[in-house]
Amino acid sequence: MSAGYAQRLSDYPNKGECGLPENYDSKRAFSNKMDKLAQLIKQSKYTVVLTGAGISTSAGIPDFRGPAGIWTKEQQDRKRKRKMERTKQQPPVATNTTNTAKDTPPLNEQHHHDDLANGRKRKKRETTNPDEGQKFISFENALPTYTHRALAHLVSHPPPHQTSDEGGDATAPRTYLHHVVTQNVDGLHRKSKLPRKKMSVLHGCIFTEICDTCRTEHVSKREIQSIGLKHTGRDCTLGGSPAGSCPGKLKDTLLDWEDDLPEIDWAQAQAECSKADLVLCLGTSLRIEPAAGLVEYPKAGATTPEDEGGDDKRKGKRRKKVKNESKLGYAIVNLQQTPYDARAALVVRGKVDDVMKELMQRLGYGNDWEATGEC
């Protein structure tokens, strides 16, 4: 599962703020926001979705910064260990039989009471967290969530009963979603049958290797056990002409902290977000750069990549100004606060699957869009 993937990452202290409280909109506010979100998507002529770990928690894959997230628990464990070390280093408390002996319990009894109090706090926190106690499963056994399936459907299928006014040329009906940029490594977008050309994978995939010579991707049903773009010991079997003649060696695609983003996927993500009227952020804390900065590409008057050479924030290449008043900006669906909330066109506090179910209704797909057997 993703805990194993996280353990393979090199040590990196600056993982951002973890364990922020999760909040939910009231029923009335949620309904009103869903109406507005559907309106934004209908108004947008080109929409891109940016996904994070929050869209996979209902599949049994833990996130990183949530109350039960991998890095949240990691930080909590470190604090606990530091506290225990400080306690061990404290000198023993001398007993004063002349005054406070009756008022102050022995040290071991005091710790017993503290442990009981901490246990009560811990139990209360676990009870109030709806995701706590969920059984996590392996990447291999995880299946796409409602959100994954809905996104794949929105990319490939125009809304039912679309009129010529909505879709323009009847031979080229308009879909509501045009591209997905993902920070996830779990491969669930691919499992949902989302076309690879409609997806930018920024941090790699646990199931994907790439040839160091022809750059052909090889997708496995088993987890790739290395990380950091290392050779896996396997040969390219798909590239070359004829197919299978490439002499290249395969490498994993999983980024470690200091690895550069994949050039092709990063350039594609920038181009798609620059083209977009709206970027919809689903289940991401927006705390990992430069991916998080993609949300501001559609803003009116925002900077976009140069026509030649693309743009890489790490390399500081020049960007040019584009002014387009039809740009709608970005919307966020996340239970926790993000650094980009203040400038968002809309912020929805709700579970991503719940949001997508309501959205599919409001966009005209109804409840039975999966009954066709298509995704």
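Colleague: Describe in detail the environment of T216, supporting the description with residues and values.
Modeller: For T216, the position within the fold is in the loop between β4 (208-211) and β5 (217-219). Separated by 24 residues in the primary sequence, T216 and G240 place their C-alpha atoms 9.1 Å from one another. Beyond its immediate chain neighbours, meaning those up to four positions away, T216 contacts E209, I210, C211, L238 and G239.

Colleague: Can you explain the nonpolar core? Please cite residues and give values.
Modeller: Judged by nonpolar contacts, the single largest core of 36 residues is most densely connected at L37, I41, L280, L282, M356, L359 and L363. Elements that contribute at least two residues to this core include exactly α2 (27-43), α5 (146-156), β3 (199-201), β8 (278-282), β11 (329-333), β12 (346-348) and α9 (352-362). In terms of nonpolar packing, the next biggest core, distinct from the first, is built from 24 residues, A269, C273, A291 and I332 among them.

Colleague: Explain the confidence of the model for the chain to me, and be specific about the residues and the numbers.
Modeller: Here the chain shows a mean pLDDT of 80. Residues at 70 or above account for 65%. Here residues 107-133 scores under 50 on pLDDT; set against residues more than four positions off or in separate chains, the count is twelve contacts. Below a pLDDT of 50 lies the segment residues 164-168, which in the model reaches seven contacts outside its immediate sequence neighbourhood of four places, other chains included.

Colleague: Let's hear about the packing of aromatic side chains: which residues, and what values?
Modeller: Going through the model one piece at a time under the given rule, you end up with two aromatic pairs. Relative to W369, the ring of Y146 lies with its centre 5.6 Å away and its plane at 75°, an arrangement referred to as edge-to-face. Remark: W369 occurs in the segment after α9 and Y146 occurs in helix α5; sequence separation between them is 223 residues. Residue Y146 is classed as buried on the basis of its relative accessible area of 13%. Here Y330 and Y340 contribute two aromatic rings whose centre-to-centre distance is 6.3 Å and whose plane-to-plane angle is 80°, an arrangement assigned as edge-to-face. You can see Y330 sitting in strand β11 and its partner Y340 sitting in the loop between β11 and β12, a full ten residues away along the chain. Owing to a relative accessible area of 0%, Y330 belongs among the buried residues under this scheme. Above the ring of Y146, the side-chain terminus of K357 is found at 5.6 Å from the ring centroid.

Rules behind the numbers
Residues numbered from 1 in each chain as written. Predicted model: local features only at pLDDT ≥ 70, side-chain atom pairs only at ≥ 80, totals over all residues. Heavy atoms only, no water. Helix = DSSP H or I, 4+ residues; strand = E, 2+ residues; numbered from the N terminus. Contact = heavy atoms within 4.5 Å. Core = buried A, V, L, I, M, F, W, Y, C linked by side-chain atoms within 4.5 Å. Buried < 20%, exposed > 50% of the residue type's maximum accessible area, 1.4 Å probe, protein only. pLDDT = per-residue confidence, 0-100. Phe/Tyr/Trp six-rings, centres within 6.5 Å; stacked < 30°, edge-to-face > 60°. Lys NZ or Arg CZ within 6 Å of the ring centre and 35° of its normal.

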